[in-house]
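Topology and contacts: notes
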Amino acid sequence: MTQENLFHSSGKPAWCPGCGDFGILSSIEDALVNSGKKPHEVLIVSGIGQAAKLPHYINTNGFAGLHGRALPAAFGAKAANHHLQVLVTSGDGDIYGEGGNHFIHAIRRNIDITLIVHNNQIYGLTKRQASPTSDLGMVTKTQPNGVSTIPFNPLAIAITLDAVFVARSFSQEKAFTTQLIEEGIRTPGFSLIDILQPCVSFNTINTYKWYSERVYKLDSSHDPADKLQAYEKSSEWGDKIPIGILYKSARKTFLDDQFKPKDLPLFKRKTRMKEIISLINELY
Amino acid sequence: MSFDLTIMIAGEAGQGLNTLSSILLKMLAQSGYHLFASQDYMSRIRGGHNFTKIRVSNKPLYSSVSASHLLVALNQESVDLHLNHLSSPSIIVHDLDTVQVNKTGEICDIAAPIRKIAVDSGNALYGNSVVLGILTALLKLELTGLTDILKASFVKKAAKDRKGNIKAATEGFRYLSDNFQNLNIPLGRVKEKNRMLISGTESIALGMMAGGLRFISAYPMSPSTGIFTYITSKAGRLGIVSEQAEDEIAACNMAMGASAAGARSAVTTSGGGLSLMCEGISLSGMAEIPLVIINMQRPGPATGFPTRTAQEDLDLVLHIGHGEFPRFIFAPGTAEEAFYTSIKAMNLAEKYQVPVFILGDQHLADSYVTLDRLNANKVKYKSYLAENGALKKPYLRYKITRSGVSPLAHYGQDKIHFIVDSHIHTEDGHISEEMNVAKKMVEKRFRKLNGMKKEFSGPQYYGPKNAKTLFVSWGSTYGAVRETIDCLLAEKKSVAMVHYNKIWPFPVEESIEILKSRKDICVVENNYQGQFERLLQRETNIKTGKPVLRYDGRPFDVQFIIDMFEKRQK
Ligand SMILES: Cc1ncc(C[n+]2csc(CCOP(=O)(O)OP(=O)(O)O)c2C)c(N)n1
Ligand code: SF4
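Below: a short report on this structure. Quick caveat, the model's predicted, so the values are computed rather than measured. (Residues numbered from 1 in each chain as written. Chains lettered and ligands numbered in written order. Predicted model: local features only at pLDDT ≥ 70, side-chain atom pairs only at ≥ 80, totals over all residues. Heavy atoms only, no water.)

1. Re the packing of aromatic side chains
Residues and elements named next belong to chain A. The full count for this structure, using the stated rule, is 27 aromatic pairs over all chains. On the numbers, 5.2 Å between centres and 75 degrees between planes, the contact of Tyr 96 with Phe 103 is edge-to-face. Of the two residues examined, Tyr 96 and Phe 103, each falls in the buried class. Aromatic ring contacts, followed pair by pair, group Phe 170, Tyr 208, Trp 210, Tyr 211 and Trp 237 into a single cluster. Positioned over the ring face of Tyr 216 is Lys 240, at 4.5 Å from the centre of the ring. (Phe/Tyr/Trp six-rings, centres within 6.5 Å; stacked < 30°, edge-to-face > 60°. Buried < 20%, exposed > 50% of the residue type's maximum accessible area, 1.4 Å probe, protein only. Lys NZ or Arg CZ within 6 Å of the ring centre and 35° of its normal.)

The structure is reproduced here in structure tokens:
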């Protein structure tokens, strides 16, 4: 890569050495550089968690809000300024647990954002409790008899709701992840990229080795336009885990009817006092 | 000659009560009368008992009165429920066949063949037009005024229905003119023509829009829904983006995302929804994101009385959001005050980068009042966003300043980028665990109070200067208290009132100045605990007398306040 990386920040991430989050950060930086965007044109929104600290470690706009609430905030920011390239980065607990309701409705709303979930199948920041994606049987202090709640399948849900772009990656596959993020950014509408991310401190089951032995890249035999096939791939878990684009389904985005790409963003619109005065006059 | 007449229109949901009363209101407003109309309705779509009270006068009105002079009873229940609350003499208008009145006292019983006239005009559903015709004749209004409104409101309906309704109205008018020629109704003429008719809902919505609202997100909840739907219906015209969120948590966080990106944003809700916004409001406090929260109160706790009124959320709004941060709270008393306050709220949220609350209630939201005019330029929209040229580089989103207010940039500004954060953060928005950073940031945020205290003047005073007894109102109790003062002054009592619209930061010095030498202070509010009274005592250290409280979901009226006040004197 020859382009200057304006997104690289000198700040030192407070992540554990070896954490999968480092790989994701570097893939996001590369994808943004490749997209040709400048730092002031991008906004990264997050919730709370280890993953959600990412906006602090990259040189661009950030909104590090509340646990589980990244998607609504991202929606608001995109509506206020549709020229912004909006990404959301957060953990599986944040997006699928605390923010599960917003996850569903953000997909339905189809706002043009790219959601990157650092899926480490555990709560990192609060030191090892099961997350919605923890595998059955995982023992933690809060699940002493092992997880008995069926894992949440974000990909299957996203496909059901006809998300525009549904992909999975593995943080160690940096170049591959970069490509997926780039494509997510390019795709108008809601893109989900669920990235398997080893938590070296607390998840002793789903390790680098565990993922490496299982992930395989989807090849051209997989047709992302085929919803049934996408479903099948989304439920493949265990011995073999597919990574790549599972599903694509283009549709109108939330703001398409309200803004053309070149239009003034919402926040720059003038207050239409004449209209307000005529509304007042209609009260007579 | 002054006059003051109350018309009650009562029936069940689904009988077209709303259309009937809004057409009558429109006719009266166009004829130049001063009006005050309040609604009492149940939380159901069909059945139940609902009524609208319309008070008509030649002087400005601020509240409802308990007794009605004219009852329009659309069903039997309306007679049964209200017969004993009519003034003497009074008039009842009802259908001859379906509603019976057992006359007691001085009642003029207008048992009109409403249904029959409607059927003869083409359809039993035209009954309310017959009623409108009858009322037009009874109130000595112009028939053409009515037929013009009917024409306009049926413009999208089939020609048959338009004509049928007009015929029904004309026949109703004729029926009354022919049969009750000598009936005298205490309604004089007024000189002015054409007054504006506005509800609290409309005035808050218009104020928010005049204050530069760009983005609104909400989840429906009575009695706030009307504001959200009104703004949404005008959103295209005004270039506003409006979105119904999946819940109030989302609504609040959406508004904050939009606000951080530079768009003036607000949410509308009621108590239950506000409870869900608690954490979001705290984020607005920490990340210093401008946010206007319109909370229209109804009785609680929990689901409470969905369609009734209360002032029970003051304590909640004073404290909502964990941690400490400055905020503004306003509680406008009238539709007029609500309009100007809403504009101001939008400006102040951005000027100080704090959450601003408007505490309204069902009574304010659903009451209609006539006004001479609203001056959309009296409180001007002003932007506090810093444009590129005004920003020093490197830009610090949370720059420590003497005023506590940091220059406000927005995302997307050329060559500038920044982060807002919910943690304790440094001037550049990054997470910090340093005790000194925490201390400095807390102090910076609270320094804003110095400026905030000067915004918006203190309480309003009404009545003779040295009155012994001082009534205190806040929010929508203003109207009933003000009329109580007029009433007691006419009886030569030594009374006056103070009204609080600006509630927080509390106007401490101004309050002490007014309250200190009073013999008796009587707070009037729609809750059980006397929430405002306690606030007043806490902030001023001045002892108040027994408050007048109401917590049955109904608004105050003069009679209620005077009865309670007299009991209290004994
Ligand atoms: C409302 C609220 N509840 C709980 C927390 C505590 N909390 C912070 S992060 C977190 C879980 C994070 O897990 P995940 O999203 O998977 O992120 P990770 O740390 O694993 O990257 C929790 C429960 C909080 N900050 N806010
Ligand atoms: S706790 Fe786990 S997820 Fe968090 S930084 Fe450490 S390794 Fe990464």
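2. Some words on the site of ligand 2
All names here are of chain A. For ligand 2, the full set of nearby residues is Trp 15, Cys 16, Cys 19, Gln 50, Asn 120, Gln 197, Cys 199, Val 200, Ser 201 and Phe 202. According to the grid-proximity analysis, the pocket containing ligand 2 is the second largest cavity. Residue composition of the shell around ligand 2, by class: 6 nonpolar, 4 polar and no charged. (Near = heavy atom within 4 Å. 1 Å grid on protein atoms, 1.4 Å probe; cavity = no way out; pocket = protein on both sides within 12 Å on 5 of 7 lines; lining within 4 Å. Sits in = over half its atoms within 2 Å of the grid points. Nonpolar A, V, L, I, M, F, W, Y, C, P; charged D, E, K, R; others polar.)

3. Examining the site of ligand 1
Near ligand 1 you find 17 residues, and of these A:Gln50, A:Gly93, A:Asp94, A:Asn120 and A:Gly124 are the closest. At ligand 1, the nearby residues belong to more than one chain, namely chains A and B. Contacts to ligand 1 include A:Asp92, whose side-chain N or O atom sits 3.2 Å from an oxygen atom. Here A:Ile122 contributes a backbone N or O atom positioned 3.2 Å from an oxygen atom of ligand 1. Taken by itself ligand 1 offers 590 Å² of open surface, and the protein chains cover 78% of this. When residues of the shell around ligand 1 are assigned to their parent elements, the largest contribution, 4 residues, is made by helix H3 (residues 92–98) of chain A. (Polar contact = N/O pair within 3.5 Å; in protein donor to acceptor, adjacent residues only side chain to side chain. Areas by Shrake-Rupley, 256 points an atom, 1.4 Å probe, with all protein chains shown as cover. Helix = DSSP H or I, 4+ residues; strand = E, 2+ residues; numbered from the N terminus.)

4. Digging into the environment of B:Pro306
Residues and elements named next belong to chain B. Residue placement: Pro 306 occurs in the loop between strand S11 (291–297) and helix H12 (314–319). Between the C-alpha atom of Pro 306 and that of Leu 141, which follows or precedes it by 165 residues, the distance is 36 Å. Once residues within four sequence positions are removed from consideration, Pro 306 is found in contact with Ser 43, Ser 222, Pro 223 and Arg 298. (Contact = heavy atoms within 4.5 Å.)

5. Comments concerning the packing of helix H4 (residues 127–138) of chain B against helix H6 (residues 159–179) of chain B
All names here are of chain B. Two elements in contact, H4 and H6, have axes separated by 7 Å at closest approach and are oriented at 40 degrees. The orientation of H4 relative to H6 falls into the category oblique. Viewed along their axes, H4 and H6 form a crossing whose handedness is right-handed. Facing H4, whose interface residues are Ser 129, Val 130, Gly 133, Ile 134, Thr 136, Ala 137 and Leu 138, H6 presents Asn 165, Ala 168, Ala 169, Gly 172, Phe 173, Leu 176 and Ser 177. Classifying every residue of the contact of H4 with H6 gives 8 nonpolar, 6 polar and no charged. (Axes fitted to C-alpha atoms, helices over the stretch in contact; angles between N-to-C directions. Parallel < 35°, antiparallel > 145°, perpendicular 65-115°, else oblique. Left-handed = near helix turned anticlockwise from the far one by under 90°.)

6. Some thoughts on the pairing of S11(B)
Residue and element names in this part refer to chain B. Burial within S11 is extensive, with 7 of its 7 residues counted as buried. Alternating positions in S11 separate into two faces, Leu 291, Ile 293, Asn 295 and Gln 297 on one and Val 292, Ile 294 and Met 296 on the other, with burial throughout. Relative to S11, strand S10 (residues 265–269) runs parallel, the two sharing 4 bridges. Each bridged residue has a counterpart across the sheet, and for Ala 266 the counterpart in S11 is Val 292. Two elements, S11 and strand S13 (residues 355–361), share 7 bridges in a ladder whose sense is parallel. Paired with Val 292 across the bridge in S13 is Val 356. (Pairing = 2+ DSSP bridges.)

7. Topic: helix H8 (residues 225–238) of chain B
Every α-helix carries 3.6 residues per turn, so stepping three or four residues along brings you back to the same face. Taking 1.5 Å as the rise per residue, H8(B) with 14 residues should run 20 Å; its terminal C-alpha atoms sit 19 Å apart, in good agreement. A maximum bend of about 30 degrees is found in H8(B) at B:Thr232. Among all positions in H8(B), only B:Ile227, B:Phe228, B:Tyr230, B:Ile231, B:Lys234, B:Ala235 and B:Leu238 are buried. Against helix H9 (273–281) of chain A together with helix H7 (200–210), strand S8 (215–218), strand S9 (241–244), S10 and S11 of chain B lie the buried residues of H8(B). (Expected span 1.5 Å × (residues − 1). Bend = angle between axes of the 7 residues up to and from the residue.)

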